[in-house]
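# Examination of the molecular architecture
Chain by chain, the residues run as shown.
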Amino acid sequence: MYQIKNFDVNIFLSDYWQKKPLLIKQGFAHFKDPLDENELAGLALESTIDSRVISHTNKKWQVNHGPFDDINKHCKGAWSLLVQAVDQSVPEADELIRAFSFIPHWRMTDLMVSFSNKGAGVGPHIDQYDVFIVQGKGSRRWQVGLPGNYENKIPHPDLKQISEFVPLIDEILEPGDIIYIPPHHPHNGVALDYCMNYSVGFRAPSGQEMLSALSDFTIEQNLFTQRYLDSKIVPRKHPGEIKQQELNQFKKMLHEVIDSTECNQWLATYLSENDRLNKNDEEPFEEYSVDEITQLLNSGHGFIREPGIKAIFIERQDTGNSDFIFYIEGQAFTTPTSSAEFVQNFLNCAVFSSQNVLPQPICMFFAQTLTTLVNSGYWFPE
Ligand code: SIN
Ligand code: CO
């Protein structure tokens, strides 16, 4: 269980989040790496996992993309192996990312893990998103500066760096130290010996990305197909003129899309999508019936959440008896509002085990929801 120490969430959110970088010395006391470099290299063999080796020798940079048959041939000079979304494959990495749950799950992207040798790093650069970098085994010098107009450098087509910057933080991180870097703050990490780093990233969508996804949704669902109406059209001197009131009428049509209930549900669906690894190559499994799941529950059987699964839901308002809806990876699940509290707690457990028979009717509703989750591949019986 990872828990951040020497850290006040309220002060962090008000004074640092999206504002200032912060070094949290020994945020994780006695830090235990959730995986080692051999397991990381194993993940880089898989075609569904995004991995890279970034290396440099005599100021010449190389970037090679996985999957790697023979990773060693790319590990020349100073090199880092970087693997994305490790929280979706390694339960302990999933546990580590959840220590940052003071930022909501719909804001979290993934846990990127890197393993570097002495002198390695990806060079000075700027990211568009917030990141917490945890130092695992080994040590690394981290420099972080202030946003500014930095000259871009492209030492390799797949690598964006910047010119030198003046560091505001210049520290050697030891195992268990954490550094928080807000968007647009230049940074550079250089490994002092073999070392592991864990980056918890928070990629926020841009307005452009959202609009493009929203328009795909309206097409898929065949929504908002009504056309502009103007039974009260007024005469005008110039036939080319669009009246202010007509512009407003068009904007009203757009507002109706944004203000609709469908749009709330679409937003929650959209925010629950996380480019999950393609699991289609997994063996198809036998589906469970509600009776079978109920029997397993009643016999005190445990259920394990697949690593990387983060359910999200919209803050509940007093809307009477409407169903509780939660979203996982773009899929909506419903359960009666009476079991909402119970289901919300369940969603937070990496391993759920009902030692006692659950109260009726929660047991019945819960068994139905759990059956759907198990058959969707998000939970599995122990
Ligand atoms: C890393 O090399 O582990 C992190 C790279 C970064 O600064 O984003
Ligand atoms: Co970075």
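Note that the coordinates shown come from a computational prediction; the quantities given were computed from them, not determined experimentally.

## Overview of the overall build of the protein chain
Tallying secondary structure elements over the protein chain gives nine helices and 18 strands in all. The proportion of buried residues among the 382 residues of the protein chain is 43%. For the protein chain, the proportion of contacts with a sequence separation of at least 24, taken over those separated by at least 6, is 76%. Carbon together with sulfur atoms contributes 51% to the accessible area of the protein chain, which is approximately 21300 Å² in total.

## Some words on the coordination of the cobalt ion (ligand 2)
For a metal with four tetrahedral donors the ideal donor-metal-donor angle is 109.5 degrees, whereas six octahedral donors ideally subtend 90 or 180 degrees. Protein ligation of the cobalt ion (ligand 2) involves His125 (NE2), Asp127 (OD) and His187 (NE2), the donor distances falling in the range 2.0 to 2.1 Å. Mapped onto the sequence, the residues coordinating the cobalt ion (ligand 2) show the spacing H-x1-D-x59-H. With Asp127 in the loop between β5 (110–116) and β6 (130–135) and His187 in strand β12 (residues 187–191), this residue pair connects regions lying 60 residues apart in the sequence. The class for Asp127 is buried, based on a relative accessible area of 15%. Overall, His187 belongs to the buried group, its relative accessible area being 2%.

## Details of the layout of surface pockets
Left-over empty space is what a probe sized like a water molecule reveals as it rolls over the atoms. Considered as a void within the structure, the second largest pocket measures approximately 680 Å³ in volume. In terms of lining residues, the second largest pocket is bounded by 28 residues, among which Arg98, Ser101, His105, Arg305 and Asn348 are the most central. Contributing elements (two or more residues each) for the lining of the second largest pocket: α3 (91–98), β14 (302–305) and α8 (340–347). A per-element tally of the lining of the second largest pocket places α3 first, with four residues. When its residues are assigned to classes, the lining of the second largest pocket shows 17 nonpolar, five polar and six charged.

## Some details on the side chain of Thr369
On the secondary structure map, Thr369 appears in helix α9 (residues 362–375). Residue Thr369 is classed as buried on the basis of its relative accessible area, which comes to 5%. With residues up to four places along the chain from it excluded, the contact list for Thr369 reads Phe326, Thr334 and Thr335.

## Side note on the sheet that holds strand β4 (residues 78–83)
Read across the sheet, eight strands follow the order β1-β11-β6-β13-β5-β4-β2-β3 without closing on themselves; strand pairing throughout is antiparallel. Taken across any chain shown, the strands that pair with only one partner, and hence form the sheet edges, are β1 (22–24) and β3 (60–65). Direction aside, the axes of adjacent strands within the sheet are offset by 20° on average. Of the strand pairs in this sheet, strand β2 (residues 51–57) and β3 are connected by six bridges, and their pairing is antiparallel.

## Section: the site of ligand 1
The local shell around ligand 1 consists of Leu82, Met112, Ser114, His125, Asp127, Arg140, Trp142, His187, Asn197 and Ser199. The side chain of Ser114 places a nitrogen or oxygen atom 2.5 Å from an oxygen atom of ligand 1. The contact in question runs from an oxygen atom of ligand 1 to an N or O atom on the side chain of His187, over 3.2 Å. Within the residue set of the shell around ligand 1, elements represented by two or more residues are β5, β7 (140–145) and β13 (195–202).

## What to know about the domain arrangement of the protein chain
As assigned here, the protein chain comprises domain 1 (9–202), domain 2 (207–272) and domain 3 (279–381). A C-alpha centroid distance of 41 Å is found between domain 1 and domain 2.

## Digging into the side chain of Glu246
Its place among the elements puts Glu246 in helix α5 (residues 244–258). Residues contacting Glu246, with those up to four places away along its chain left out, are Tyr228, Ile233, Arg236 and Glu241.

## Quick notes on the packing of aromatic side chains
For the structure on display, the rule yields 34 aromatic pairs. For the ring pair Phe132 and Tyr180, a centre distance of 5.0 Å and an interplane angle of 45° mean the geometry is tilted. Placement of Phe132 in strand β6 and of Tyr180 in strand β11 (residues 178–181) is noted, with a sequence separation of 48 residues between them. According to the relative accessible area criterion, Phe132 is buried, its value standing at 1%. For Tyr180, a relative accessible area of 0% corresponds to the buried category. Positioned above the aromatic ring of Tyr16 is the side chain of Lys20, whose terminal nitrogen or guanidinium carbon lies 5.1 Å from the ring centre.

What counts and how
Residues numbered from 1 in each chain as written. Chains lettered and ligands numbered in written order. Predicted model: local features only at pLDDT ≥ 70, side-chain atom pairs only at ≥ 80, totals over all residues. Heavy atoms only, no water. Helix = DSSP H or I, 4+ residues; strand = E, 2+ residues; numbered from the N terminus. Buried < 20%, exposed > 50% of the residue type's maximum accessible area, 1.4 Å probe, protein only. Contact = heavy atoms within 4.5 Å. Areas by Shrake-Rupley, 256 points an atom, 1.4 Å probe, with all protein chains shown as cover. Donors = N, O, S within 2.8 Å, 3.2 Å for Na, K, Ca; no water. 1 Å grid on protein atoms, 1.4 Å probe; cavity = no way out; pocket = protein on both sides within 12 Å on 5 of 7 lines; lining within 4 Å. Points joined across faces, edges and corners; volume = space filled by probe spheres on them. Nonpolar A, V, L, I, M, F, W, Y, C, P; charged D, E, K, R; others polar. Pairing = 2+ DSSP bridges. Axes fitted to C-alpha atoms, helices over the stretch in contact; angles between N-to-C directions. Near = heavy atom within 4 Å. Polar contact = N/O pair within 3.5 Å; in protein donor to acceptor, adjacent residues only side chain to side chain. Domains from an automatic or database assignment. Phe/Tyr/Trp six-rings, centres within 6.5 Å; stacked < 30°, edge-to-face > 60°. Lys NZ or Arg CZ within 6 Å of the ring centre and 35° of its normal.

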